Amino acid sequence: MIKRHINTIFLLIFAMVFIYGSMVCMNAILKERQNTFLNESGITTVQNPVKAWQEIADNEADSNSKNDNSTEVLSNEQIEDAVNSWNNRKADVLHSPVEGQISMEEAIDNGKEWLNDMEAGIAEKYYINETGEEAYVISKSLSAASDTVAYATLSYALAGTGDKQDEISKPAEPYNSFWTVRLEISDFIAVLYVNAVTGNVWGAELSEKYDPGEFKPDYNKIEKFWKLAGMESSDSDWLNISEKDSKVIYESVAEPVYAVMDYRSHIISDYTKGKKYVEYVTVEYKLETK
């Protein structure tokens, strides 16, 4: 009888030790997986990782006005920091907009307006009219079409230089956040990077299908991109065109950054429209630090 009680007590103690040990081990495993996940590159979502924009909060009148010029809102150091951190990010941290940052609707509207100003998403379609003469019609722009697919996400750049959990716990500057706006219709796709404070497009990837040999790069658009980005120009600005490398650089002494336009293309098979081959071209615009 006594032996049976001893065995029962021993089993109870063993069960308690086993349960407690399992809990400790499980917590350790979960902690290790959390650290591993946070140290991997990718997209992370946190609730309030960004500071409110004090310069805008101190002036409510300015917060309700559209920012046409980045240099009137951000200093040269802030512009350089935002461009450098975004171009060299190791991960994107998703978050909701804070005071001083534009909303998703504003980001999408700014993106559509930018496409109109850049005359992007507009194609000349040739046809034979009733008189037998060749003519052309300009198709609807991406921003005006009713069947445009549009969505956007807001994130700030994570440098990934140290422990990701520690980096996320430190509030980021609001001008380091960008709205990634994607607009698409038919054979045209635009991915735009809109600075969350200035509301200007500071980067873009425009992809479209052409008949082989039909695409002709317009190097003059680099200056338009520069001005629409809200950057200042001067009489000593210079343009460097490298047709061999399909790259154009626009630089101004008035700004700590410069603009780059580049394009890449490849021929793919496409039987959906009765064409054997089409040329898929992606034109990229971006700001880079000097």
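Shown above is the structure to which this text applies.
Just so it is clear, the model here is predicted, and its values are computed rather than measured. (Residues numbered from 1 in each chain as written. Predicted model: local features only at pLDDT ≥ 70, side-chain atom pairs only at ≥ 80, totals over all residues. Heavy atoms only, no water.)

Remarks on the overall build of the protein
Item 1. Counting its regular elements, the protein contains seven helices and twelve strands.
Item 2. A burial count over the protein gives 39% of its 290 residues as buried.
Item 3. Across the protein, contacts joining residues at least 24 apart in sequence account for 64% of those joining residues at least 6 apart. (Helix = DSSP H or I, 4+ residues; strand = E, 2+ residues; numbered from the N terminus. Buried < 20%, exposed > 50% of the residue type's maximum accessible area, 1.4 Å probe, protein only. Contact = heavy atoms within 4.5 Å.)

Concerning unusual backbone geometry
Item 1. Residues other than glycine seldom take positive phi values, yet Glu-119 does so here, at roughly 55°.
Item 2. As for its position among the elements, Glu-119 is in the loop between α5 (104-118) and β3 (124-128).

Description of the pairing of strand β11 (residues 257-269)
Item 1. By the bridge criterion, five bridges tie strand β10 (residues 247-251) to β11 in an arrangement that is antiparallel. The residue bridging Ile-249 from the neighbouring strand is Val-260, located in β11.
Item 2. Counting the residues in the hairpin turn of β10 and β11 gives five residues.
Item 3. Bridge analysis of β11 against strand β12 (residues 277-289) gives 13 bridges, and the strand direction is antiparallel. Following the sheet pairing, Asp-262 is matched in β12 by Glu-284. (Pairing = 2+ DSSP bridges.)

Considerations on the packing of aromatic side chains
Item 1. Tallying each qualifying case throughout the model produces nine aromatic pairs.
Item 2. Through a chain of ring-to-ring contacts, the aromatic side chains of Trp-86, Phe-178, Tyr-193 and Trp-202 assemble into a single cluster.
Item 3. One residue, Arg-89, lies across the ring of Trp-86, its end atom 3.8 Å from the ring centre. (Phe/Tyr/Trp six-rings, centres within 6.5 Å; stacked < 30°, edge-to-face > 60°. Lys NZ or Arg CZ within 6 Å of the ring centre and 35° of its normal.)

Comments concerning α5
Side chains three or four residues apart in an α-helix point the same way, a direct result of the helix having 3.6 residues per turn.
Item 1. With 15 residues, α5 should reach 21 Å at 1.5 Å per residue; the first-to-last C-alpha distance of 21 Å fits that figure.
Item 2. Among the residues making up α5, those that are buried are Ala-107, Ile-108, Asn-110, Gly-111, Trp-114, Leu-115 and Met-118. Buried residues in α5, looked at end-on, bunch into an arc of 160°, giving them a common side.
Item 3. Packed against the buried residues of α5 are β5 (149-158), β6 (177-185), β7 (188-195), β8 (201-210), α7 (221-228) and β12.
Item 4. Glu-119, located one to two residues past α5, shows a positive phi value of around 55°. (Expected span 1.5 Å × (residues − 1). Arc of directions from axis to C-beta.)

A word on the pattern of salt bridges
Item 1. For the structure on display, the rule yields six salt bridges.
Item 2. Between Lys-227 and Glu-223 there is a salt bridge; the shortest N-O distance is 3.5 Å. A residue pair is termed a helical-turn pair when its members lie 3 or 4 positions apart in one helix, as Lys-227 and Glu-223 do in helix α7 at four residues.
Item 3. The class of Lys-227 is partly exposed, set by a relative accessible area of 47%.
Item 4. According to the relative accessible area criterion, Glu-223 is partly exposed, its value standing at 34%. (Salt bridge = Lys/Arg side-chain N within 4 Å of Asp/Glu carboxyl O.)

A few points about the packing of α5 against α7
Item 1. It is at 10 Å that the axes of α5 and α7 come closest, and there the two elements cross at 145°. Here α5 and α7 pass one another in a crossing that is right-handed. Between α5 and α7, the contacting residues are Trp-114, Asp-117 and Met-118 on the first element and Lys-221, Lys-224, Phe-225 and Leu-228 on the second.
Item 2. The residue inventory of the contact of α5 with α7, partitioned by class, reads four nonpolar, no polar and three charged. (Axes fitted to C-alpha atoms, helices over the stretch in contact; angles between N-to-C directions. Left-handed = near helix turned anticlockwise from the far one by under 90°. Nonpolar A, V, L, I, M, F, W, Y, C, P; charged D, E, K, R; others polar.)

Observations regarding the nonpolar core
Item 1. Counting 50 residues, the largest nonpolar core has Trp-114, Leu-192, Trp-202, Leu-206, Tyr-285 and Leu-287 as its most contacted members.
Item 2. In terms of residue count, the dominant contributor to this core is β7 (six residues).
Item 3. What Leu-287 contacts, discounting residues up to four positions off in sequence, is Val-83, Asn-87, Trp-202, Phe-225, Trp-226, Ala-229, Met-231, Val-257, Tyr-258 and Ala-259.
Item 4. Core analysis: the next-biggest nonpolar cluster, separate from the first, contains seven residues, Val-50, Ala-91, Tyr-156 and Leu-158 among them. (Core = buried A, V, L, I, M, F, W, Y, C linked by side-chain atoms within 4.5 Å.)

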